[in-house]
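Residues per chain are reported as follows:
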Amino acid sequence: MHKEMKGGQSNRIWGRHFSFSVAAIFVTTIFFWSWENNPLLTSLLSAQEQFIMHTSDFTMDSLNPLGPLEEDSVTLLQKREEFEMKVKPSDNAMDRTDMPSTERNDQNQACNYGKGRWVADSRRPLYSGFGCKQWLSDMWACRLTTRKDFSYEGYRWQPNNCEMPEFQGTQFLSRMQDKTIAFIGDSLGRQQFQSLMCMASGGDANLEVENLEKRYGLVKPRGAIRPDGWAYRFPETNTTILYYWSASLCGIEPINITDPNTEFAMHLDRPPSFLDQYLPQFDVVVLNTGHHWNRGKLKANRWVMYANGKPVVDRKLAEMGNAKNYTLHSIARWLDSQISVYPHLKVFLRTLSPRHFANGEWNTGGRCDNLTPLINGDEVVQDQSSDPVVESAVRGTRVKILDITALSELRDEGHISHYSIKASEGINDCLHWCLPGIPDTWNELLYAQL
């Protein structure tokens with residue numbers, strides 16, 4: 001009898017252990033199911049990714065100013081120790097005639113359009129450097145200058161593991177029927193805008209293209225050299241392509257509207273008013289900034305940093321690199337919120353276009369004399385972007401990165417250099433690009449991601 005009681009007790013203990021085990025498994029299953037499906041729990045895991053910024057607790061690490069003239073116009077040459085360019089030497093790239101890839105090497109591998117190589121292509125450029133006078137500024141049309149070597153025109157970018165459709169203007173306009181593409185940014189954004197106008201039209205004059213500058217308020221103010229932007233509509237497909245000049249991507253407004261010499265509030269946490277006003281009409285937005293984030297530019301424009309509606313007094317935030325970082329994160333988060341309101345909207349934040357000044361700056365004898373393509377390599381093998389600020393800003397949002405920094409860094413021979421028809425003696429332009437040229441590739445990458 002004692003044995004029977006002992007056996008019964010063992011069975012009861014085993015039963016309790018089994019019940020506890022089943023209960024533990026059930027609770028654990030419910031917890032992980034809730035974690036996957038509950039936005040609140042998920043947000044706890046990704047709180048750092050949300051990067052909700054407040055001026056009072058601004059603590060992020062950022063790029064430090066580099067100097068008084070171009071403090072945060074970061075080039076990979078200047079920052080090579082921090083953001084190492086991983087390139088392979090050119091293997092006689094001019095002999096390559098690779099056709100564009102239309103299939104992924106690995107269907108399960110995510111496409112990285114910034115990782116790939118430059119290959120020679122006899123079908124380049126996509127439009128004539130002697131033509132496209134309807135859209136292309138003379139100062140960027142290197143075929144009209146004294147430059148004799150144009151080998152830089154004969155290459156295209158081939159990403160690894162990515163579909164890269166061949167750009168054709170008529171197909172592009174057809175795909176963008178009844179849509180509006182807006183470039184918002186500095187003069188490099190203007191170059192990309194002019195490039196796309198030439199690519200879409202094939203470089204041919206088109207008298208039917210309609211000027212929409214008045215519709216968007218892009219009229220030249222009295223005393224100004226040029227308007228704040230340009231807008232054109234291709235009537236056959238009702239496709240509009242426009243550009244608006246916003247060098248900082250900040251909201252800019254006069255501090256004292258009654259004073260003609262007033263300073264301007266540069267709101268780091270507000271979008272440009274033009275973008276805010278017309279965003280509902282846009283289908284694709286491409287933004288860029290970078291080379292105006294220096295003390296000289298702010299002083300010349302009489303810009304004063306503001307955040308949360310007040311002048312910035314936080315010294316850390318007032319550092320140029322941190323202010324730029326704050327602005328890019330702010331506008332990326334704002335645009336992500338707008339995509340919820342306008343689901344058709346596609347937004348791209350373009351990474352920094354590299355400068356190639358050697359032995360000085362633009363005003364201290366800096367030059368970019370190389371005319372030989374790809375002398376420093378033809379391939380980008382790194383996975384991460386060489387613009388970590390933009391890469392960080394878009395992380396966790398639906399804003400896409402248009403990653404052009406590393407691939408453009410390899411093309412120092414493509415700058416205007418000292419050949420500009422408007423250049424002053426001893427001044428080299430190692431910032432802007434010849435057109436046709438490298439910005440055409442930026443638009444090919446844009447097209448591939450649309």
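Residues numbered from 1 in each chain as written. Predicted model: local features only at pLDDT ≥ 70, side-chain atom pairs only at ≥ 80, totals over all residues. Heavy atoms only, no water.

Draft legend 1. Up close: the overall build of the protein. On a plain count of helices and strands, the protein comes out with twelve helices and 17 strands. Relative to its 450 residues, the protein shows a buried fraction of 51%. Expressed as a percentage of contacts within the protein between residues at least 6 apart in sequence, the contacts between residues at least 24 apart total 78%. For the protein, the accessible area works out to roughly 22400 Å², and carbon and sulfur atoms hold 52% of it. (Helix = DSSP H or I, 4+ residues; strand = E, 2+ residues; numbered from the N terminus. Buried < 20%, exposed > 50% of the residue type's maximum accessible area, 1.4 Å probe, protein only. Contact = heavy atoms within 4.5 Å. Areas by Shrake-Rupley, 256 points an atom, 1.4 Å probe, with all protein chains shown as cover.)

Draft legend 2. Molecular detail of the environment of Asp336. Within the secondary structure layout, Asp336 lies in helix H9 (residues 320-341). Note on Asp336: relative accessible area 16%, which makes it buried. Taking the C-alpha atoms as reference points, Asp336 and Gly396, 60 residues apart in sequence, are found 9.2 Å from one another. Setting aside anything within four residues of it in sequence, one finds Asp336 in contact with Thr397, Arg398 and Val399.

Draft legend 3. Spatial organisation of helix H12 (residues 438-449). Counted at 1.5 Å a residue, the expected span for H12 with its twelve residues is 16 Å, and the 18 Å between its end C-alpha atoms agrees. Counting buried positions over the twelve residues of H12 gives twelve, a clear majority of the element. (Expected span 1.5 Å × (residues − 1).)

Draft legend 4. Examining the sheet that holds strand S9 (residues 264-267) more closely. Spatially, S8-S9-S11-S12 is the arrangement adopted by the four strands of the open sheet, whose pairing is mixed. In this open sheet, the two strands that pair with only one neighbour each are strand S8 (251-254) and strand S12 (310-311). (Pairing = 2+ DSSP bridges.)

Draft legend 5. The arrangement of the state of the cysteines in detail. On inspection of all chains with the given rule, the structure shows four disulfides. With its sulfur 2.1 Å from that of its partner, Cys368 forms a disulfide with Cys430. Given an S-S torsion of about -95°, the disulfide between Cys368 and Cys430 has left-handed geometry. Separated by 62 residues along the polypeptide, Cys368 in the loop between strand S13 (346-350) and strand S14 (379-380) and Cys430 in strand S17 (residues 429-433) bring together distant segments of the chain. For Cys368, a relative accessible area of 7% puts it in the buried group. Numbered by order of appearance in the sequence, the disulfide-linked cysteines of the protein pair as 1-4, 2-5, 3-8, 6-7. (Disulfide = S-S within 2.5 Å.)

Draft legend 6. Expanded view of the sheet that holds strand S4 (residues 180-185). Overall, mixed pairing links the seven strands, which are arranged S5-S6-S7-S4-S10-S13-S15 in an open sheet. Of all the strands in the sheet, just strand S5 (210-211) and strand S15 (400-402) have a single pairing partner and so form its edges. Across three bridges, the pairing between S13 and S15 is parallel. When the sheet's bridge partners are listed, Phe348 is paired in S15 with Lys400. Helix-sheet contacts for H12 involve S4, strand S10 (284-287), S13 and S15, and the interaxial angle to S15 is about 155°. (Axes fitted to C-alpha atoms, helices over the stretch in contact; angles between N-to-C directions.)

Draft legend 7. View of the packing of aromatic side chains. Counted by the stated rule, this structure contains 16 aromatic pairs. Seen in terms of ring centroids, Phe167 and Phe172 are 5.4 Å apart; in terms of plane orientation they differ by 35°. Their pairing is tilted. As far as burial versus exposure is concerned, Phe167 and Phe172 are alike and both buried. Measuring from ring centre to ring centre gives 6.4 Å for Tyr216 and Phe282, while their planes differ by 35°; the resulting arrangement is tilted. Taken as a pair, Tyr216 in the loop between S5 and strand S6 (229-234) and Phe282 in the loop between helix H6 (273-278) and S10 lie far apart in primary sequence, 66 residues in all. Of the two residues, Tyr216 and Phe282, neither departs from the other in class, the shared state being buried. Taken together, Trp135, Phe193, Trp230, Tyr232 and Tyr243 form an aromatic cluster joined through their ring pairs. The ring of Phe150 has Arg143 sitting right over it, with the charged end atom 4.0 Å from the ring centre. (Phe/Tyr/Trp six-rings, centres within 6.5 Å; stacked < 30°, edge-to-face > 60°. Lys NZ or Arg CZ within 6 Å of the ring centre and 35° of its normal.)

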